[in-house]
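# Coordinate analysis (summary)
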Amino acid sequence: VDYRCEDLNGSIQLHTENGKIVLALNQYKDGTQQTTTDRWYFQEEQLIFQLSETNSWQLDGPMMQDSNGNMIPGVKNTTAQYRHYVKDAGVFKFLKKKYDHYTHKVDNVIPETVPMQEMPTNGKLPFRFGLATQAIENGAVDCSFFTSVE
């Protein structure tokens, strides 16, 4: 299910097993500097887990010389990961981690060593789960979804 909503250019892949949805994979670009990936996992057609990751970059740091002798700016990459554990259509556990990686540093954090932080949850399903619902039920994404109130 492909969609294009202003600066958002995305696609949702629906994976089934024995005719039932087991995974909905959403990937979209929000402009040229940010990419978001959502993975919604289902059991018996009920959402049980959502893993979301947003990667963005920006110019940050000193000018450096590349292997061809060109001067290029340093880049800061930021990764944010969110895990929502779901039971009975409600989030019962929410974890997140966020870290930065710089092209001009050699002592960057190792992503696997960044601990997950437990966050408070009001039990509501994440907003973007509505994308999966639209793709599954309608085979399309209505762009007004992105302008609705979270």
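Just above, that's the structure.
So, how was this worked out
Residues numbered from 1 in each chain as written. Predicted model: local features only at pLDDT ≥ 70, side-chain atom pairs only at ≥ 80, totals over all residues. Heavy atoms only, no water. Helix = DSSP H or I, 4+ residues; strand = E, 2+ residues; numbered from the N terminus. Buried < 20%, exposed > 50% of the residue type's maximum accessible area, 1.4 Å probe, protein only. Contact = heavy atoms within 4.5 Å. Salt bridge = Lys/Arg side-chain N within 4 Å of Asp/Glu carboxyl O. Pairing = 2+ DSSP bridges. Axes fitted to C-alpha atoms, helices over the stretch in contact; angles between N-to-C directions.

With the exception of glycine, most residues fall at negative phi, and the peptide bonds are largely trans. Of note, Glu44 is a non-glycine position whose phi angle comes to about 50 degrees, a positive value. Note that Glu44 resides in the loop between strand 4 (34–43) and strand 5 (46–65). In this structure Glu44 comes out as exposed when scored by relative accessible area, which is 60%.

Here we come to the side chain of Thr37. Among the secondary structure elements, Thr37 is positioned in strand 4. When sequence neighbours within four positions are dropped, the list of residues in contact with Thr37 reads Leu25, Asn26, Gln27, Leu51, Ser52 and Glu53.

This paragraph deals with the pattern of salt bridges. Tallying each qualifying case throughout the model produces three salt bridges. Note that Asp38 is salt-bridged to Arg128, the shortest N-O span being 2.8 Å. Within this pair, whereas Asp38 is found in strand 4, its partner Arg128 is found in the loop between strand 8 (117–119) and helix 1 (129–138), the two being separated by 90 residues in sequence. Given the relative accessible area of 0%, Asp38 is considered buried. On the accessibility criterion, Arg128 (21% relative accessible area) is partly exposed. Here Lys76 ties to Asp100 by a salt bridge, and the two come within 4.0 Å at their closest N and O atoms. One end of the pair, Lys76, is in strand 6 (residues 71–87); the other, Asp100, is in strand 7 (residues 90–102), with 24 residues separating them in the sequence.

Here we take up the sheet that holds strand 5. Overall, antiparallel pairing links the eight strands, which are arranged 1-2-3-4-5-6-7-8 in an open sheet. Each edge of the sheet is formed by a strand with only one pairing partner; in this case those strands are strand 1 (2–5) and strand 8. Mean inter-strand twist for the sheet, computed between neighbouring axes without regard to direction, equals 20 degrees. Sheet topology places strand 4 next to strand 5; ten bridges connect them, and they run antiparallel. Along strand 5, the bridge assignment pairs Thr35 with Asn55.

Of the strand pairs in this sheet, strand 3 (residues 20–30) and strand 4 are connected by seven bridges, and their pairing is antiparallel. Across the sheet, the residue bridging to Lys29 is Thr35, located in strand 4. With antiparallel pairing between neighbouring strands as the criterion, strand 3 and strand 4 make up a hairpin whose turn holds three residues, including Gly31 at a positive phi of roughly 80 degrees. Joining the antiparallel neighbours strand 4 and strand 5 is a turn of two residues, in which Glu44 adopts a positive phi near 50 degrees.

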